Amino acid sequence: MKLVLAIVSNDDAALVNNSLTKAGFQATKLATTGGFLKSGNTTFIVGTQNDKVDRVIEILRRQCSRRTQIMPSTSAPDGTMYGTYPIEVTVGGATVFVLDVDRFEKL
Amino acid sequence: MKLVLAIVSNDDAALVNNSLTKAGFQATKLATTGGFLKSGNTTFIVGTQNDKVDRVIEILRRQCSRRTQIMPSTSAPDGTMYGTYPIEVTVGGATVFVLDVDRFEKL
Amino acid sequence: MKLVLAIVSNDDAALVNNSLTKAGFQATKLATTGGFLKSGNTTFIVGTQNDKVDRVIEILRRQCSRRTQIMPSTSAPDGTMYGTYPIEVTVGGATVFVLDVDRFEKL
Ligand code: NI
Ligand code: NI
Ligand code: NI
């Protein structure tokens, strides 16, 4: 038995939750108030058999990998521009810790 | 030293907290925003000596085990019933992970 | 790779966060709703290489150790005093668990 602790961007949390649930994993979400991602993030706890850890990480990789996005921006650094223009931002990303579980109980 | 991570129903969280504290365990509650239980749930972190893990799980089993309850319901699936009638619902339940602690410090 | 789980007083959380970040550690804060400290507390998750665990604990010790503080109090136990007078209170403190990490991924 392993415990997967995954810290993901809030933007990806809903998709991660859905994908894990559809694949039969029970994920618990912890409210995370700050962290390594600039935007807010969510911590998931997923308990799983050893041979399914790869499947959990595969799901996380598909839903959370860091990627660039073109987003509209409304301000220029020097304050001289008006209107919106596109900028490239990095979003997503996840930090995943896999821990060994000594004992597991469903009560 | 072991770390017990227990995810319990919000309904049972207060009793769990009291029972653990009375038995001399220090429990930390994490705010859990979703998870494997339909209703909200709470995650407890309890650090304990190896030989007291059974005692922690015994407390959790007594306070959190899944059980059925008769509750009043006010709506029928087809919308044709009025008033309240009793339905049987499953409440409680807990998922418990016991992890080995490499090092423990009280600062 | 190790995972450091540190439960600290809310009063110390901002300084802990700053110090860990300045020292190059990525700390994730979990919202903690109750726990072993009378006042509210915050749980930090910090992933780090084995040989840097001492550095993390050193930072926590500097920022969070239990200490006494003189604070103004406005009420006497028997309700007969008026105005404020100084009392000594214990603040801070931290509980630290270090766990071994089986596998670590940055996605
Ligand atoms: Ni195992
Ligand atoms: Ni141990
Ligand atoms: Ni390791």
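Residues numbered from 1 in each chain as written. Chains lettered and ligands numbered in written order. Predicted model: local features only at pLDDT ≥ 70, side-chain atom pairs only at ≥ 80, totals over all residues. Heavy atoms only, no water.

(A) The interface of chain A and chain C, seen in detail. Of the residues lining the interface, 27 residues belong to chain A; the matching set on chain C comes to 19 residues. Here chain A is connected to chain C by three salt bridges. Measuring nitrogen to oxygen at the nearest pair gives 2.7 Å for the salt bridge that ties Asp54 of chain A to Arg103 of chain C. Linking chain A with chain C are eight residue pairs in polar contact (both at pLDDT 80 or more), by the criterion used here. (Contact = heavy atoms within 4.5 Å. Salt bridge = Lys/Arg side-chain N within 4 Å of Asp/Glu carboxyl O. Polar contact = N/O pair within 3.5 Å; in protein donor to acceptor, adjacent residues only side chain to side chain.)

(B) Representation of the relation of the copies chain B and chain C. Overlaying chain B on chain C yields an RMSD of 0.0 Å, the required transformation being a rotation through 120° with an accompanying axial translation of 0.0 Å. One copy is carried onto the other by what is essentially a three-fold rotation axis. The C-alpha atom lying nearest the rotation axis in chain B is that of Ala31 of chain B; the distance is 3.4 Å. (Least-squares fit on C-alpha atoms with pLDDT ≥ 70 in both.)

(C) Focus on the interface of chain B and chain C. Opposite the 19 residues of chain B that make contact, chain C presents 27 residues. It is Asp102, Arg103 and Leu107 of chain B that lose the most area in chain B upon contact with chain C, and together they represent 38% of the buried surface on that side. For the pair chain B and chain C, the interface holds three salt bridges. Across the contact surface, chain B and chain C share eight residue pairs in polar contact (both at pLDDT 80 or more). Counting only elements with at least two residues in the side of chain B that touches chain C, the list comes to strand E2 (27-31), strand E3 (41-48), strand E6 (94-100) and strand E7 (103-106) of chain B. Its residues assigned to classes, the side of chain B that touches chain C comprises 10 nonpolar, three polar and six charged. (Buried area = accessible area lost by both parts, 1.4 Å probe. Helix = DSSP H or I, 4+ residues; strand = E, 2+ residues; numbered from the N terminus. Nonpolar A, V, L, I, M, F, W, Y, C, P; charged D, E, K, R; others polar.)

Any functional reading would require information that these geometric values do not contain.
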